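If you want the building blocks of each chain, they are given just below.
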Amino acid sequence: MINVSPIGRNANLQERLAFEKYDLEHGIRPAFIEKLKERFAHIDLTYSIGGQLSFDVFPTGWDKTYCIRHLENEAKKPNGIEYKTIHFFGDKTFKGGNDWEIYTDPRVTGHSVKDPDETQRILKELFEV
């Protein structure tokens, strides 16, 4: 996976916040991704936006769903654990966001959340804590 940050990784907090606002208004990352899709159309790549500053580029299928194969393989072992429900919590669950693929995977129960407090609230509801 390659992580691309148009503003750079060394941006301070003020620069990060300014870029996030500018990106939301002007679509810097989506436009950057479209240009890369055009240039590298011959390569089967997935592009996903995450966080405030960056986007990821990776071979299709190597998104967050990649980890599910390890759970499935574990379940096939004689002493493996059978997973009845896999819950995923993410904030970038929109198409093109870095949580989209796993959030929409039929093997997963996806939860779109805005912050850790919402995640905690849902977990308490699910597990009656």
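Quick caveat, the model's predicted, so the values are computed rather than measured.

Participant: Help me understand the pairing of strand 2 (residues 45-50) in this model?
Facilitator: Walk down a regular strand and you will see the side chains alternate between the two sheet faces. Burial analysis of strand 2 places 5 of its 6 residues in the buried class, which makes it a mostly covered element. Two strands pair when backbone bridges link them, and strand 2 and strand 3 (residues 54-59) are joined in this way by 6 bridges, in the antiparallel orientation. When the sheet's bridge partners are listed, Gly50 is paired in strand 3 with Ser54. Linking strand 2 to strand 3, which pair antiparallel, is a turn of 3 residues; within it Gly51 sits at a positive phi near 65°.

Participant: Even after reading the chapter, I still don't get the UniProt feature "binding site: alpha-D-mannose 1-phosphate" (unreviewed entry) in the protein, so can you show me in this structure?
Facilitator: Sequence positions flagged by UniProt for "binding site: alpha-D-mannose 1-phosphate" (unreviewed entry) are, in local numbering, Arg9, Arg16, Ser54 and Asp56. Its place among the elements puts Arg9 in the loop between strand 1 (2-4) and helix 1 (13-26). Non-local contacts of Arg9, meaning those with residues more than four positions away in its chain, are made with Asn3, Arg16, Leu53 and Ser54. Relative to the helices and strands, Arg16 is located in helix 1. Look past the residues within four positions of Arg16 in its chain and what remains in contact with it is Arg9, Ala11, Gln52 and Leu53.

Participant: Honestly, the nonpolar core in this entry has me stumped. Any pointers?
Facilitator: Within soluble globular proteins, side chains that are nonpolar tend to cluster in buried spots. Core analysis: the biggest nonpolar cluster contains 7 residues, these being Val4, Ile33, Leu36, Tyr47, Ile49, Phe55 and Val57. Beyond its immediate chain neighbours, meaning those up to four positions away, Ile49 contacts Arg29, Pro30, Ile33, Ser54, Phe55, Lys92, Gly96, Gly97 and Asn98. Residues Ile68, Phe88, Ile102 and Val108 belong to the second largest nonpolar core, which totals 5 residues.

Participant: Mind showing me how you'd approach the environment of Ile43 here?
Facilitator: Structurally, Ile43 is set in the loop between helix 2 (28-39) and strand 2. Given a relative accessible area of 39%, Ile43 falls into the partly exposed group. Considering only alpha carbons, one finds Ile43 and Thr60, 17 residues apart in sequence, at a separation of 9.3 Å.

Participant: Would you mind going over the pairing of strand 4 (residues 87-90) with me for this structure?
Facilitator: Taking every second residue as pointing to the same face, the buried face of strand 4 carries Phe88 and Gly90, while none of His87 and Phe89 on the other face is buried. Where strand 4 and strand 5 (residues 109-112) come together, 4 bridges link them in parallel fashion. Bridged to His87 within strand 5 is Thr109.

Here is what the cut-offs are and how they apply
- Along each chain, residue indices are assigned from 1 in the same order as the chain's sequence is written.
- Reporting of local features is limited, given that this is a predicted model, to residues whose pLDDT is at least 70; pairs of side-chain atoms are given and counted only at 80 or more, and all residues count toward the totals for whole chains, interfaces and linings.
- Just so you know, side-chain values use all the structure's heavy atoms and leave hydrogens and water out.
- For every residue, the accessible area (1.4 Å probe, protein chains only) is compared with the maximum for its type, and the residue is labelled buried under 20%, exposed over 50%, or partly exposed between those bounds.
- Only DSSP runs of H or I with at least four residues qualify as helices, and only runs of E with at least two residues qualify as strands; both kinds are numbered from the N terminus onward.
- Here, strands pair whenever DSSP counts at least two bridges between them.
- UniProt positions are given in the numbering used here, feature names are shortened, and annotations may be inferred rather than shown by experiment.
- In this description, contact between two residues means that some pair of their heavy atoms is separated by no more than 4.5 Å.
- Residues enter a nonpolar core if they are buried and are Ala, Val, Leu, Ile, Met, Phe, Trp, Tyr or Cys, with the set joined through side-chain atoms within 4.5 Å.

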